[in-house]
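# Descriptive analysis of the structure
Listed below are the residues making up each chain.
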Amino acid sequence: MSWEPGSDLYACAQIVERGDPERFVAAMAAPVAARAVLFPLYAFNVEVARAPWVTQEPMIARMRLQWWLDALDEIAAGGFVRRHEVVTPLAQALTGVDVARLRALVEARERDLERAPFADAAALLDYLERTSGGLALTALAALGAPADRLADAVPYARGAGLVRYLRAVPDLEARGKLPLPDGRAETLAALARDQLRAMPGSLRRLRRSFGPAGAALRECAQARPLLQLVARDPGSVSEGRLALSEFRRRWALLTA
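Residues numbered from 1 in each chain as written. Predicted model: local features only at pLDDT ≥ 70, side-chain atom pairs only at ≥ 80, totals over all residues. Heavy atoms only, no water.

If you check an unreviewed UniProt entry, the chain appears there as Squalene/phytoene synthase from Maliponia aquimaris.

### Topic: empty space enclosed by the protein
Counting across every chain of the model gives 2 cavities of 30 Å³ or more. The element best represented in the lining of the second largest cavity is helix H8 (residues 154-167), accounting for 3 residues. Looking at side-chain class alone, the lining of the second largest cavity contains 5 nonpolar, 1 polar and 3 charged residues. (1 Å grid on protein atoms, 1.4 Å probe; cavity = no way out; pocket = protein on both sides within 12 Å on 5 of 7 lines; lining within 4 Å. Points joined across faces, edges and corners; volume = space filled by probe spheres on them. Helix = DSSP H or I, 4+ residues; strand = E, 2+ residues; numbered from the N terminus. Nonpolar A, V, L, I, M, F, W, Y, C, P; charged D, E, K, R; others polar.)

### Topic: the side chain of Ser7
Among the secondary structure elements, Ser7 is positioned in the segment before helix H1 (8-19). According to the relative accessible area criterion, Ser7 is buried, its value standing at 14%. A polar contact of 2.7 Å, which involves the side chain of Ser7, links it to the backbone oxygen of Glu4. (Buried < 20%, exposed > 50% of the residue type's maximum accessible area, 1.4 Å probe, protein only. Polar contact = N/O pair within 3.5 Å; in protein donor to acceptor, adjacent residues only side chain to side chain.)

### Re the domain arrangement of the chain
We note that the domain assignment places domain 1 (1-97) and domain 2 (114-255) within the chain. Counting from both sides, the interface comprises 18 residues of domain 1 and, opposite them, 19 residues of domain 2. Of the roughly 1600 Å² buried between domain 1 and domain 2, counting both surfaces, carbon and sulfur atoms make up 68%. Together, Glu22, Arg23 and Trp53 form the three largest contributors to the area buried by domain 1 at its contact with domain 2, with a combined 37%. Residues Glu219 and Arg23 are paired through a salt bridge, measuring 3.1 Å at the closest nitrogen-oxygen approach. Where domain 1 meets domain 2, there are 2 residue pairs in polar contact (both at pLDDT 80 or more). When contributions to the side of domain 1 that touches domain 2 are tallied by element, the ones reaching two or more residues are helix H2 (21-28) and helix H3 (32-50). No other element matches H3, which puts 6 residues into the side of domain 1 that touches domain 2. Residue classes in the side of domain 1 that touches domain 2 are distributed as 14 nonpolar, 1 polar and 3 charged. (Domains from an automatic or database assignment. Contact = heavy atoms within 4.5 Å. Buried area = accessible area lost by both parts, 1.4 Å probe. Salt bridge = Lys/Arg side-chain N within 4 Å of Asp/Glu carboxyl O.)

### Topic: the packing of aromatic side chains
Under the defined criterion, the tally for this structure stands at 6 aromatic pairs. A ring pair is formed by Tyr127 and Tyr165, whose centres lie 6.1 Å apart and whose planes are at 70 degrees; its orientation type is edge-to-face. Residue Tyr127 is found in helix H7 (residues 121-142), and its partner Tyr165 is found in helix H8; the two are separated by 38 residues along the sequence. Taking the relative accessible area as the measure of exposure, Tyr165 reaches 9% and is therefore buried. Taken together, the aromatic side chains of Phe44, Trp67 and Trp68 make up a single cluster linked through ring pairs. One residue, Arg82, lies across the ring of Trp67, its end atom 4.7 Å from the ring centre. (Phe/Tyr/Trp six-rings, centres within 6.5 Å; stacked < 30°, edge-to-face > 60°. Lys NZ or Arg CZ within 6 Å of the ring centre and 35° of its normal.)

### Some remarks on the nonpolar core
Where a protein is soluble and globular, its nonpolar side chains tend to be buried together. In terms of nonpolar packing, the biggest core is built from 79 residues, with Leu41, Phe44, Leu94, Leu124, Leu140 and Leu166 touching the most fellow members. For this core, the leading source of residues is H3, giving 10 residues. Residues in contact with Leu124, not counting those within four places in the same chain, are Phe118, Leu162, Tyr165, Leu180, Pro181 and Leu191. (Core = buried A, V, L, I, M, F, W, Y, C linked by side-chain atoms within 4.5 Å.)

This is the structure:
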């Protein structure tokens, strides 16, 4: 497929650049062939994540999410697929790939329509595993990772999802949502420490063990250093300070 301005892949890259800058940088660091898989997947994720927030009407938001479920069903069926700047290249990227995790991702986003907090930390982590985790594992599968190895990436994908969610806490609160089951500093620090313990070894070693498919794990580069920041400075979450310096951000991506 073409990367020329006006092409579907170019449109997907623009969607990701605007809506998910971290994954945009991670995808740009991947080989060109991998980008043709990653950008449609990441653009799909941006569009699905946006659906619950573009309207005040829950019914309309659910209709938007159902539109993406219907598109995934068409991709899975392998026949007619609706013409769309994201769906069309996504169908090509997912040839022969199970879309069940992406369906679970869309269904999990219905939770964003609720203002109430998650019942407990386990419910929050389950949501992150279905959203960020499902996206990362589908990307690995689409890039050729063996099915029996995908579970190895779950802790890092969940950790990356957790830091993204924690960084969004001030914005979610401003929108009237109660994002955390328990926002006390000691609880957040413990949550970060637990997730760090669940991420054994180095991301770089894990990524290399997947060969070329490991490009899908570059998006997890900031997970460990940001979780370490939460563990020692949990106030960074509510105060909107959960971020690495530009040098550390680039270093994390490089060493990933």
